[in-house]
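Below, each chain spelled out in residue letters.
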Amino acid sequence: TGGYFFKPHFWLPRIGVEELEAKDRAPYRRWAEEGWIILIDDSVIRLDQVQEFVLAEYNRLNMRAIGYDKHSAWQMRDELESKHGVVMINVPQVMMDMSDASKQFESLIISGQAYHDGNPIMQRMIEQVTKMTALIQQRRSEIIKESQG
C-alpha cells in the first residue's frame, strides 16, 4: 500500500511531570508506564541519556546518518562524529528549511500514508495536524465564498 512508518521516541523530566500533565491534559506518567515515553529522573532531559539511546538505535538499525539541529544538538553531533564515527547531517529547525518537509508530512497524514507503532503521543500529534488542516481548509473556503459574493 505504500507510505512511511514513523517510530517516535519521547523524553520528559520526571520532576514536574504532574504539573505538565495538568497543563497539557495528557497522561504522561501512564504513557511512561506503557513504554511510550521515557521519564528522566531529573528536572531536565540530560543530553548523555538521549545520546546513548540515539547511538544504540543508530547501531541497532544500521543507520546511514542522523539528522540534527546545529542550534540545539551541536554537542551531541561532536561527540557522535568524533568518538563513534556517526555520519551527522545538519537539518536546521527553522521555517525556511522545514516548510517543504512539514508540507510533505502533512500530506502523508491527510492521505493516510503515515503509519506508526500505535504511540498515543504520535497519534495525538497526528490528530492535531488533521484538525488544524481541516480548520485552515474551512477558513480558505469561507474566504473564497466571501470574495465571490
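The structure presented is a predicted model; accordingly, all values stated were derived computationally and were not measured. (Residues numbered from 1 in each chain as written. Predicted model: local features only at pLDDT ≥ 70, side-chain atom pairs only at ≥ 80, totals over all residues. Heavy atoms only, no water.)

(A) Spatial organisation of the side chain of histidine 116. As for its placement among the helices and strands, histidine 116 is situated in strand β6 (residues 114-116). There is a polar contact of 3.2 Å between the side chain of histidine 116 and the backbone nitrogen of asparagine 119. If we skip the residues at most four places from it in the chain, histidine 116 touches Phe5, Phe6, Met122, Gln123 and Ile126. (Helix = DSSP H or I, 4+ residues; strand = E, 2+ residues; numbered from the N terminus. Polar contact = N/O pair within 3.5 Å; in protein donor to acceptor, adjacent residues only side chain to side chain. Contact = heavy atoms within 4.5 Å.)

(B) Representation of the environment of alanine 73 in the model. When you line up the elements, alanine 73 lands in the loop between β4 (66-68) and α4 (74-84). Judged by its relative accessible area of 16%, alanine 73 is buried. Between the alpha carbons of alanine 73 and leucine 47 there is a distance of 8.7 Å; along the sequence they are 26 residues apart. (Buried < 20%, exposed > 50% of the residue type's maximum accessible area, 1.4 Å probe, protein only.)

(C) Structural detail: the packing of aromatic side chains. Inspection of every chain in the model, using the stated rule, returns three aromatic pairs. On the basis of an interplanar angle of 85° and a centroid distance of 5.3 Å, the ring pair of tryptophan 11 and phenylalanine 53 is categorised as edge-to-face. Taken together, the residues span a long stretch of sequence, with tryptophan 11 in strand β2 (residues 11-13) and phenylalanine 53 in helix α3 (residues 47-60) at a distance of 42 residues. Overall, tryptophan 11 belongs to the buried group, its relative accessible area being 19%. Between the aromatic rings of tyrosine 28 and tryptophan 31, the centroid separation amounts to 5.7 Å while the plane-to-plane angle is 75°, which identifies the pairing as edge-to-face. Of this pair, tyrosine 28 and tryptophan 31 both sit in helix α2 (residues 28-33), three residues apart, which is roughly one turn of the helix. Residue classification places tryptophan 31 among the buried residues on the basis of a relative accessible area of 5%. (Phe/Tyr/Trp six-rings, centres within 6.5 Å; stacked < 30°, edge-to-face > 60°.)

(D) Broad picture of helix α5 (residues 95-110). The sharpest bend along α5 measures roughly 25° and falls at alanine 101. Turning to α5, its buried residues are Ser99, Leu108 and Ile109. Directly beyond the C-terminal end of α5, a positive phi value near 75° is found at glycine 112. (Bend = angle between axes of the 7 residues up to and from the residue.)

(E) Up close: the nonpolar core. Among the nonpolar cores identified, the biggest contains 13 residues, and Val50, Val54, Ile66, Met76, Leu80, Val86 and Met88 are the most heavily contacted of them. Contributions of two or more residues to this core are made by α3, β4 and α4. Per-element tally for this core: the top contributor is α3, with four residues. Discounting residues that sit within four places of it in the chain, valine 86 has contacts with Leu55, Tyr58, Ile66, Leu80 and Glu81. Of all hydrophobic cores here, the second largest spans nine residues; its members include Phe10, Ile37, Leu39 and Ile121. (Core = buried A, V, L, I, M, F, W, Y, C linked by side-chain atoms within 4.5 Å.)

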